[in-house]
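Here's the letter readout for the chains.
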Amino acid sequence: QVQLVESGGGLVQAGGSLRLSCAASGRTFSSYGMGWFRQAPGKEREFVAAITWSGISTYYADSVKGRFTISRDNTKNTVYLQMNSLKAEDTAVYYCAAGPSGTIWLMNRPDRYGYWGQGTQVTVSS
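Calculation criteria
Residues numbered from 1 in each chain as written. Predicted model: local features only at pLDDT ≥ 70, side-chain atom pairs only at ≥ 80, totals over all residues. Heavy atoms only, no water. Helix = DSSP H or I, 4+ residues; strand = E, 2+ residues; numbered from the N terminus. Buried < 20%, exposed > 50% of the residue type's maximum accessible area, 1.4 Å probe, protein only. Pairing = 2+ DSSP bridges.

1. Remarks on unusual backbone geometry
Thinking step 1. Here Asn77, not a glycine, exhibits a phi torsion of approximately 50°, which is positive.
Thinking step 2. As for its position among the elements, Asn77 is in the loop between strand S7 (68-73) and strand S8 (78-83).
Thinking step 3. A positive phi angle, near 50°, is found at Ser85, a position not held by glycine.
Thinking step 4. Its location among the elements puts Ser85 in the loop between S8 and strand S9 (92-100).

2. Let's talk about the pairing of strand S5 (residues 46-51)
Thinking step 1. Most of S5 is tucked away, with 5 of its 6 residues classed as buried.
Thinking step 2. As judged from the 5 bridges shared by strand S4 (residues 32-39) and S5, these two strands associate in the antiparallel manner. Residue pairing for S5: Trp36 is matched across the bridge by Ala49.
Thinking step 3. Between S4 and S5, which follow one another and run antiparallel, lie 6 residues, and Gly42 among them has a positive phi close to 75°.

Here it is in structure tokens:
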């Protein structure tokens, strides 16, 4: 069982930065692959980034590649999403998720994740 709590969201101007954190409970955190997803009003939840259990492999949606960085610290049971050069279209509720760590390019599917946080709001003003 894993419980996930996101933090770090807020209001930022376009071009600014935010760092999201996702704190996990449970002693098996280091065995899980982790992902970040987001959902804007009226839109479906979409993949943002994923990272394998070791942190060696990462994967990004094309829309955030080069601007966002996912990382994890298994000693702190925490995964991060550093978001730079934010755009108005990045406005959404951001969710972290935990699931079996596997082939990285398959980790963009929400159905691979069994545990989800409650989400944190990110609003980018233009």
